[in-house]
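The primary structure of each chain is shown beneath.
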Amino acid sequence: MSMNNSLLSFYCFFSILFLGCDNEAVNQGLEELYPVSGTELVLSNGRMSVTLVDYGGLQTISLLPDVLKPNRKVTISHSLGPWYAGNQNGIRSNIMSSLFPYRIDRFQLQHSASEGGGLFTVNKADFLGGFERWPSDFGAPTYQDGSPKMNGDVMAWGSFTSAATTGTSGNSFFGLDIVVNPYMFEDDELQNIVFVRYEITNESSTPIENLHMGFGGDVDLALIDTNLEPINGICGRFKTHWNNTGYDRTRNYSYTYVKPDPADGNIPLECYGTFVGYSIVGSSRTNGLIAPALAHTVVTRWEEQSFEAFQETKIQTPSQVLFALQGLSSEGNPMIDPTTGEVTSFAYTGNPITETGWVDYRKDVRSVQSISPITLAPGEKVITIVAIFAAVSPTYEQGFSDLTSLFDKVISQRSRWDY
């Protein structure tokens, strides 16, 4: 009996030793996941690419219409990101766009490089291979139980906090933390879409009331050949401020396009066939937020007749950011639809194909859309998602139709990107 017990103990000892060594060998084979940059990183699925920067904004979004023609690309955006404004012991605001770098407070990375912070990126193959440590403390996505989560086939993220970047005391939120998580898929159906998941938390001890959330910025749509100067490319003397903007009121997405004009001369029809849209599509999952659309506001780069007070340079205070998210001018006045003379919260809702209703004219486009406000209690977190999508078509008319179809496909496949 004692001999059997001795043998059993001996066997257990070596089994534990072997398994321990085996696990240690496995752990040693796992990679450590570190941030790749403290300033910016480029995320790409081979068709679309986007740059995530150190204040949480999205820059230089581009698309290859044909992977067999890598020198030809569509530039989509100079700077896009969320806008936040609300009451936290006074009206405060922060944005993730470079439109107002010296007037409106932005965000900054929540953790310094010495603390392990920065911008991270992962692809699905590496994710499935596993990592020694999943940096959830630095914004890495997780499921409700805390286990690692992969969104899309390629993703990036950074963890940010509100900051008084303008140096003006009392204008910035305090304790408003945002995890920005852009991701993309590689399959044909969703490869022309960038999804961005925003995890928004009030880490302060003070509620944020009447919190308005929007998304927008500077959309620069152009079809260019990277081997040539843009003005000598296939689309002639196109410039990035030769754009128009619109809003699909039925589906609630903003879009940018180039309307044909006889002054352009004889250029290919494909120069007008690219449309790009974006929408706050929300999230239906745990802590998710899907809120009704509130406004699509006129924001102009230069002064425009009847819309001088909607010029971007006149948005200089948190109250004026809040006005913009409410569909109002920098003076707090409503928009007037020039085709009806009526007050509206949604600009450019006409049909640019039939030229009916309120349609935009060619200019350097800015746009912002917003959703109905919420109250964010201390410690409360909400998650919402933005989709940025592009349709590349042979003609202007088909581009308009294809963008609608692409958005409908996004919504119909919610279970793939919102889980």
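Residues numbered from 1 in each chain as written. Predicted model: local features only at pLDDT ≥ 70, side-chain atom pairs only at ≥ 80, totals over all residues. Heavy atoms only, no water.

Draft legend 1. Local environment of the pairing of strand β13 (residues 253-257). Most of β13 is tucked away: five of the five residues are buried. Neither face of β13 is left uncovered, since the one carrying Tyr253, Tyr255 and Tyr257 and the one carrying Ser254 and Thr256 both have all their residues buried. Sheet topology places strand β12 (residues 244-248) next to β13; five bridges connect them, and they run antiparallel. Considered in β13, the bridge of Tyr247 is made with Ser254. Judged from the three bridges that link them, β13 and strand β14 (residues 274-280) form a sheet pairing that is antiparallel. (Buried < 20%, exposed > 50% of the residue type's maximum accessible area, 1.4 Å probe, protein only. Helix = DSSP H or I, 4+ residues; strand = E, 2+ residues; numbered from the N terminus. Pairing = 2+ DSSP bridges.)

Draft legend 2. Geometry of the packing of aromatic side chains. For the structure on display, the rule yields 28 aromatic pairs. A centroid spacing of 5.2 Å and a plane angle of 5° characterise the contact between Phe120 and Trp157, whose relative ring orientation is stacked. Within this pair, whereas Phe120 is found in strand β7 (residues 120-123), its partner Trp157 is found in strand β8 (residues 154-162), the two being separated by 37 residues in sequence. Overall, Phe120 belongs to the buried group, its relative accessible area being 1%. Seen from their ring centres, Tyr183 and Phe195 are 5.6 Å apart, and the 20° between their planes marks the pair as stacked. Of this pair, Tyr183 sits in strand β9 (residues 176-184) while Phe195 sits in strand β10 (residues 193-202); the two residues are twelve residues apart in sequence, bridging distant segments of the chain. Cluster of aromatic residues (ring-pair linked, three or more members): Tyr253, Tyr255, Tyr257, Phe275, Phe389, Tyr396, Phe400 and Phe407. Of note, Arg249 hangs over the ring of Phe346, and the distance from its end group to the ring centre comes to 3.7 Å. (Phe/Tyr/Trp six-rings, centres within 6.5 Å; stacked < 30°, edge-to-face > 60°. Lys NZ or Arg CZ within 6 Å of the ring centre and 35° of its normal.)

Draft legend 3. The confidence of the model for the protein, seen in detail. Averaged over the protein, the pLDDT score is 90; the fraction of residues at 70 or greater is 90%. Segment residues 1-27: pLDDT under 50, and one contact once partners within four positions in sequence are set aside and those in other chains are kept. (pLDDT = per-residue confidence, 0-100. Contact = heavy atoms within 4.5 Å.)

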